[in-house]
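Coordinate analysis (summary)
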Amino acid sequence: MPTYRAPRGTRDLLPADRAPFARLERIARDLASRYGYREIEVPIFEQGAVFEHGIGEVTDVVEKELFRVSPSRGEERERWALRPEATAGICRAYVEHGMQTWPQPVKLAMTGPMFRYDRPQAGRYRQFWQWNVEAFGDPGPAVDAELIELGMQFYRAASLDDVEVLVNSIGDPACRPAYVAELAAYFRGHEAALPELERRRLAANPLRLLDSKEPAMAALIAAAPKSIDRLCGACAAHFAGVRAHLDAVSIAYRIEPALVRGLDYYTRTTFEFYRRGAAGQQQALGGGGRYDGLVALLGGKPTPGIGFALGLDRVVLALESAGTAPVEEAAPIAVVVGADPADTAGRLVVATRLRGAGLAVHADLSQRKLGRQLEAAVKEGAHYAVILGDELAAGDVQLRDLDAASQKLVPLESLAALLRRKTPGA
Ligand code: HAM
């Protein structure tokens, strides 16, 4: 047993584990820029109040899952927390930097690690990665559909073909209070059947009960009053608009009346992405919704917003379980090796020159024999070995084709051009 290990619920992404994340990040970055989302970066920790206020005190994320951090000296009175999600921090930044004065909508995207102190299991980690996309200043409903379509595009581009989206509307401050009161009355009528946590939440945040994963709650939730049946005229029109726009771009969706999401800031549209057949389990691949009150809640001018976060860890797991081929790590076109074990400088000089010409070339800087250097080059997956030997005096090297096991004399001058022609995809 090693003395030091990564904390429970976290994991090291070794190079082969990291490669599929890098691929998803490339897909996300490409889609974000094509859809007009600009990159933002916000701190990994914030004042705790940003989350308490923004996400809501009576949510799992704030009540049970926040990692509190405080410095060992200095600004002790600051109460910070590691970000459990990005939306609250991005809204804080929107307000802090006066983005209300920018041309609206302000469309922002970000990829990075989030932290939640949850019970670790497959697909549930204490440090995990999300792709976040947020649009401020557009009251919708077209942008709601555009975002959902963007999420579906991401899964398709990632080669995950069996993803479906569940949508719902949870109303706004005009219609939700009456609905929540009706919901509370309904659950109070079944109070004896409620698990401990749900009974406690009934008083503070009845909507949260619809989000409960307790098996004992499933039947009660299924029979509970539905927010989509209690929407005010404006919310009903918005929801109809979202649906019409989804139809217009041929996105199939399922309405899930209990989809309230685990964070308090949502208004109107909510949605979650699942692999088909996995809906209702804990393993959403991603989720999001509209948060028209959040910017004002964090001190800004009232500004509508909508966004989503897709969990990258879960997409990687889903791709693995679907049997998708692992992401190949790029191999060098060539490794520079040498007949003189002591002449590491010669190899370094030639490799540096080839890399300067834009080629992926490694140098064997060991002092082992040529045979060993060639074996290592094959193991690295290199296509060629550039062998430095006596010919170098005349300005030539041996270029060995490691796949064909053949070799020829090449002038050092023309080596870069030759290797560039041989580089796959060049
Ligand atoms: P969320 O539903 O809490 O939403 O998280 C989004 C996704 O992050 C989940 O669907 C899941 O794939 C992934 N995820 C969450 N927790 C974990 C975990 N412990 N381990 C692995 N993956 C996890 C939000 O975070 C909102 N900020 C989304 C949003 C953006 N709403 C509006 N804008």
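Residues numbered from 1 in each chain as written. Predicted model: local features only at pLDDT ≥ 70, side-chain atom pairs only at ≥ 80, totals over all residues. Heavy atoms only, no water.

Moving on: helix α7 (residues 196-204). Every buried residue of α7 is listed here: Glu198, Arg201 and Leu202. Viewed end-on, α7 has its buried residues packed into an arc of 120 degrees, placing them on one side of the element. With respect to the buried face of α7, the exposed residues turned more than 90 degrees away are Glu196, Ala203 and Ala204. Each element contacted by the buried residues of α7 is listed here: α3 (60-63) and α6 (176-188). (Buried < 20%, exposed > 50% of the residue type's maximum accessible area, 1.4 Å probe, protein only. Helix = DSSP H or I, 4+ residues; strand = E, 2+ residues; numbered from the N terminus. Arc of directions from axis to C-beta. Contact = heavy atoms within 4.5 Å.)

The environment of the ligand is formed by 26 residues, the closest being Glu85, Thr87, Glu134, Arg261 and Tyr266. A distance of 3.0 Å separates an oxygen atom of the ligand from a polar atom in the backbone of Leu285. Measuring from an oxygen atom of the ligand, one finds a backbone N or O atom of Gly286 at 3.2 Å. Relative to its unbound accessible area of 660 Å², the ligand is 95% covered by the protein chains. Among the secondary structure elements, those contributing two or more residues to the shell around the ligand are β6 (127-136), β10 (286-290) and β11 (305-311). (Near = heavy atom within 4 Å. Polar contact = N/O pair within 3.5 Å; in protein donor to acceptor, adjacent residues only side chain to side chain. Areas by Shrake-Rupley, 256 points an atom, 1.4 Å probe, with all protein chains shown as cover.)

Glancing now at the pairing of strand β16 (residues 406-411). In this structure, strand β15 (residues 396-401) lies alongside β16, joined through 6 bridges in antiparallel fashion. Residue pairing for β16: Gln398 is matched across the bridge by Leu409. Between the antiparallel neighbours β15 and β16 lie 4 residues, among them Ala405 with a positive phi of about 55 degrees. (Pairing = 2+ DSSP bridges.)

What follows is about the pattern of salt bridges. Oppositely charged side chains are able to pair whenever their charged atoms sit close together. Within the structure shown, the criterion is met by 24 salt bridges. Between Arg29 and Glu39 there is a salt bridge, with its nearest N and O atoms 3.0 Å apart. Remark: Glu39 occurs in strand β1 (residues 38-39) and Arg29 occurs in helix α1 (residues 15-34); sequence separation between them is 10 residues. Taking relative accessible area as the criterion, Arg29 reaches 47% and is therefore assigned partly exposed. Classification of Glu39 by relative accessible area gives exposed; the value is 58%. Between Arg353 and Glu413 there is a salt bridge; the shortest N-O distance is 3.2 Å. Residue Arg353 is found in helix α12 (residues 344-356), and its partner Glu413 is found in helix α14 (residues 412-422); the two are separated by 60 residues along the sequence. The class for Glu413 is exposed, based on a relative accessible area of 66%. Overlapping salt bridges, with partners in common, bring together Asp60, Glu63, Lys64, Arg200 and Arg201 in one network. (Salt bridge = Lys/Arg side-chain N within 4 Å of Asp/Glu carboxyl O.)

Turning our eyes to something else, we now look at helix α9 (residues 233-248). The first and last C-alpha atoms of α9 sit 22 Å apart over 16 residues, in line with the 22 Å expected at 1.5 Å per residue. Of the positions making up α9, those classed as buried are Cys235, His238, Phe239, Gly241, Val242 and Leu246. Taken around the axis of α9, the buried residues stretch over an arc of 155 degrees, which confines them to a single face. Along α9, the residues that are exposed and aim more than 90 degrees away from the buried face are Gly233, Ala237 and Ala248. Where α9 is buried, its residues touch α5 (142-157), β7 (163-169), β8 (253-255), β9 (267-275) and β10. Looking at the residues trailing α9, positive phi occurs at Ser250, about 55 degrees. (Expected span 1.5 Å × (residues − 1).)

Turning our attention to the sheet that holds β9. A sheet is described by the order of its strands in space; here 8 strands give the open sequence β1-β5-β6-β11-β10-β9-β7-β8, paired in mixed fashion. Looking at strand neighbours, the two that pair on one side only are β1 and β8, the edges of this open sheet. Against the sheet, α1 contacts β1, β5 (106-115) and β6, and its axis sits at roughly 0 degrees relative to β6. (Axes fitted to C-alpha atoms, helices over the stretch in contact; angles between N-to-C directions.)

With respect to the helices and strands, the residue Arg68 is situated in strand β3 (residues 68-69). A relative accessible area of 43% places Arg68 in the partly exposed class. Separated by 13 residues in sequence, Arg68 and Ala81 have C-alpha atoms that sit 4.3 Å apart. The contacts of Arg68, once residues within four sequence positions are left out, are Gly48, Glu52, Arg79, Trp80 and Ala81.

This brings us to the packing of α12 against α14. The contact between α12 and α14 brings their axes to 10 Å, and the two run at 45 degrees. Between α12 and α14, the interaxial angle falls into the category oblique. As α12 runs across α14, the sense of the crossing is right-handed. Within the contact between the two elements, α12 uses Val350, Arg353 and Leu354 and α14 uses Leu412, Glu413, Leu415, Ala416 and Leu419. (Parallel < 35°, antiparallel > 145°, perpendicular 65-115°, else oblique. Left-handed = near helix turned anticlockwise from the far one by under 90°.)

For the rest of this paragraph, the subject is the sheet that holds strand β14 (residues 384-388). Judged by pairing direction, the sheet is mixed, and its 5 strands sit side by side in the order β13-β12-β14-β15-β16 without closing on themselves. Taken across any chain shown, the strands that pair with only one partner, and hence form the sheet edges, are β13 (361-363) and β16. Taken pair by pair, the neighbouring strands of this sheet meet at an average axis angle of 25 degrees, ignoring direction. Looking at chain direction, strand β12 (residues 334-338) and β14 are connected through 5 bridges and run parallel. Along β14, the bridge assignment pairs Gly338 with Leu388. Sitting on the sheet, helix α13 (residues 370-380) touches β12, β13, β14 and β15, and the angle it makes with β12 is about 170 degrees. Lying on the sheet, α14 is in contact with β12, β14, β15 and β16; it crosses β16 at an angle near 130 degrees.

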